[in-house]
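# Report on the structure
Listed below are the residues making up each chain.
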Amino acid sequence: MAQAEKQWHALYVRARHEKKVAYQLDQLGIEAFLPVVTCLKVWSDRKKKVEEPLFKSYVFVHSCEKDYMDIITVYGVVRFVSFERKAVVVPESQIIAIKKYVESFCEEQEILSKANLQPGQAVRIISGPMKGLTGRLKAIDKKKRLEVYIEAVAQYITVSIDRAKVEPIADEETHIRLPDQ
């Protein structure tokens, strides 16, 4: 009799129980994957880097059918993500892609936080509704938000934007010059 092949499945778990579920599964000897990203949380009195699940209320598990009952009885597990009452298989290629994304997200955030932006520097917006636009950094305010000049319809507009949403670029990539102040 051949051993059942392990496959990746997604588990739907109770809110804010992702880390606990992943830990318990690991304790049972069942491979669990919880993709997390590090984010900077800002409160009125402090700032803190915290790890948050990439997919809230989901944990991936590498298992075979004989493990299902052990998995479903873990505290915090609600159910397997299923279709027509059968646990959906998540392709290995998607798990690999998620792992690569999480690694690149962490590296990108580290690069962005270390990049020393200066007023007058050329920047590109990398996320949000203005993604792809280039401009020049005007100033950095106390909350680490940037004021960026963007040329639109022959006018300069000033956009206040979060630091994580821009990247420095070479001067040749934009023709925008800061207006005289």
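Bear in mind the structure is a predicted one, so any value in this text is a computation, not a measurement. (Residues numbered from 1 in each chain as written. Predicted model: local features only at pLDDT ≥ 70, side-chain atom pairs only at ≥ 80, totals over all residues. Heavy atoms only, no water.)

Attention now moves to the side chain of histidine 17. In this structure, histidine 17 sits in the loop between strand 1 (7–13) and helix 1 (18–27). Of the residues examined, histidine 17 reaches a relative accessible area of 11% and is grouped as buried. Beyond its immediate chain neighbours, meaning those up to four positions away, histidine 17 contacts Tyr75 and Gly76. (Helix = DSSP H or I, 4+ residues; strand = E, 2+ residues; numbered from the N terminus. Buried < 20%, exposed > 50% of the residue type's maximum accessible area, 1.4 Å probe, protein only. Contact = heavy atoms within 4.5 Å.)

Of all hydrophobic cores here, the largest spans 16 residues; its most connected members are Leu11, Val21, Leu25, Val59, Val61 and Ile71. Put simply, the parts of the chain that give this core at least two residues each are strand 1, helix 1, strand 5 (58–63) and strand 6 (77–80). Take this core: its biggest share by element is three residues, from helix 1. Sequence-distant contacts of isoleucine 71, defined by excluding residues within four places in its chain, comprise Leu11, Leu25, Ile30, Val61, Ser63, Val77 and Phe80. Counting 10 residues, the second-largest nonpolar core is a separate cluster that includes Leu117, Val123, Leu137 and Leu146. (Core = buried A, V, L, I, M, F, W, Y, C linked by side-chain atoms within 4.5 Å.)

Within this model, the second largest pocket holds a volume of roughly 230 Å³. Around the second largest pocket, the lining residues are Ala15, Arg16, His17, Glu18, Lys19, Lys20, Glu51, Glu52, Pro53, Lys56 and Ser57. When residues of the lining of the second largest pocket are traced back to their parent elements, those giving at least two are helix 1 and strand 4 (47–53). Taken together, the residues of the lining of the second largest pocket break down into two nonpolar, two polar and seven charged. (1 Å grid on protein atoms, 1.4 Å probe; cavity = no way out; pocket = protein on both sides within 12 Å on 5 of 7 lines; lining within 4 Å. Points joined across faces, edges and corners; volume = space filled by probe spheres on them. Nonpolar A, V, L, I, M, F, W, Y, C, P; charged D, E, K, R; others polar.)

Of the positions making up helix 1, those classed as buried are Glu18, Val21, Ala22 and Leu25. For helix 1, the angular spread of buried residues about the axis comes to 100°, placing them on one side. More than 90 degrees from the buried face of helix 1, the exposed residues found are Tyr23 and Gln27. At the C-terminal side of helix 1, glycine 29 shows a positive phi close to 85°. (Arc of directions from axis to C-beta.)

By the definition in use, this model includes four salt bridges. A salt bridge links aspartate 67 to lysine 66, with the nearest nitrogen and oxygen atoms 3.3 Å apart. Aspartate 67 gets classed as buried once you look at its relative accessible area, which sits at 9%. Overall, lysine 66 belongs to the exposed group, its relative accessible area being 63%. With a closest N to O distance of 2.8 Å, arginine 124 and glutamate 167 form a salt bridge. With arginine 124 in strand 10 (residues 122–125) and glutamate 167 in strand 14 (residues 166–168), this residue pair connects regions lying 43 residues apart in the sequence. (Salt bridge = Lys/Arg side-chain N within 4 Å of Asp/Glu carboxyl O.)

This paragraph deals with the confidence of the model for the protein. Averaged over all residues, the pLDDT of the protein equals 81, while 81% of them reach at least 70. Across the protein, the element-wise mean pLDDT spans from 69 in strand 12 (residues 145–152) up to 97 in helix 1. (pLDDT = per-residue confidence, 0-100.)

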